[in-house]
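# Observations on chain architecture
Read off the chains here:
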Amino acid sequence: MLGMPVQNCKTTRRKRLIDRVALLGAALLLIALGGGAFLWADKHNVNGAWVFGGWAAAFFFAIVGWGYRRRFRDPAFVAFFLAWMLVHVALYLLVLGYLGLPFYIPIAVLELWIGYTLAIWQFGPPTDPSLR
């Protein structure tokens, strides 16, 4: 920052402030959605495991599905991905419910490794648009 003109320094500070406010807003939105989901489940007498499973599926879809987003037009990939997501959520709920977090981490690594291996074998590696 020492060699930057004054205009760039002000712009950088403003951008940093906007980024921090956006990050805070995203965190508050996530807290509100998560809390709201559990309040809704409590009001409608839904087991909390369904809420945990739904959030696990949503994060799995957002994180793992992002790399394969161009393959979602293929019905075979959609079927594979839904089966993989079902296995992942079932393992998540069962291992955390019966064994706890220390056992979940190595089991999740193994499950994700097997899932990615099968996905790469059947459908190719995840696409990264920044490499093109």
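Just so it is clear, the model here is predicted, and its values are computed rather than measured. Note on numbering: residues in each chain are counted from 1, in written sequence order. The predicted origin of the model limits local features to residues at a pLDDT of at least 70 and limits the giving and counting of side-chain atom pairs to 80 or more, whereas totals for whole chains, interfaces and linings rest on all residues. Heavy atoms from the whole structure form the basis of all side-chain values; hydrogens and water molecules are not counted.

### Quick word on a nonpolar patch on the surface
What makes a patch is a set of residues exposed beyond 30% relative accessible area and free of salt bridges, joined within 9 Å when like-charged and within 5 Å when nonpolar (Val, Leu, Ile, Met, Phe, Trp, Tyr). Each accessible area is a Shrake-Rupley result for a 1.4 Å probe, and residues are judged covered by the shown protein chains and nothing else. Note on definitions: salt bridges are taken to be side-chain nitrogens of Lys or Arg within 4 Å of carboxyl oxygens of Asp or Glu. Residues L110, W113, I114, L118 and W121 make up a contiguous nonpolar surface patch of about 590 Å² in total accessible area. Helix and strand labels come from DSSP, where a helix needs a run of H or I of at least four residues and a strand needs a run of E of at least two; each type is numbered from the N terminus. On the secondary structure map, I114 appears in helix α4 (residues 101–123). Look at I114 and you get partly exposed, because its relative accessible area is 39%. Categorising residues by exposure relies on relative accessible area from a 1.4 Å probe, with only protein chains included: less than 20% of the type maximum marks a residue as buried, more than 50% marks it as exposed, and the intermediate range marks it as partly exposed.

### Structural notes on the environment of A49
Within the secondary structure, A49 is located in helix α2 (residues 48–67). Here A49 falls in the partly exposed class, since its relative accessible area comes to 33%. A sequence separation of 44 residues divides A49 from L93, and the C-alpha atoms of the two residues are 7.2 Å apart.

### Remarks on α4
Think of an α-helix as 3.6 residues a turn; residues three or four steps apart then line up on the same face. Counted at 1.5 Å a residue, the expected span for α4 with its 23 residues is 33 Å, and the 31 Å between its end C-alpha atoms agrees. Where α4 ends, the next residue or the one after it, G124, has phi of about 90 degrees, a positive value. What a helix should span is 1.5 Å times the count of its residues minus one.

### Focus on the nonpolar core
Side-chain atoms within 4.5 Å link the members of a nonpolar core, which is a set of buried Ala, Val, Leu, Ile, Met, Phe, Trp, Tyr and Cys residues. Grouped together as the largest cluster of nonpolar side chains are 17 residues, with contacts concentrated most on F60, F77, F80, F81 and W84. Among the secondary structure elements, those contributing two or more residues to this core are α2, α3 (75–98) and α4. Per-element accounting of this core gives the leading share, 8 residues, to α3. Should any heavy atoms of two residues lie within 4.5 Å, those residues are considered in contact. Once you skip the residues sitting within four places of it in the chain, F60 turns out to touch G65, F81, W84, M85, H88 and L112.

### Description of the pattern of salt bridges
For the structure on display, the rule yields 1 salt bridge. Residues D19 and K15 are paired through a salt bridge, measuring 3.5 Å at the closest nitrogen-oxygen approach. Here D19 pairs with K15, and both are found in helix α1 (residues 6–43), just 4 residues apart, close to one helical turn. Judged by relative accessible area, which is 42%, D19 ranks as partly exposed.

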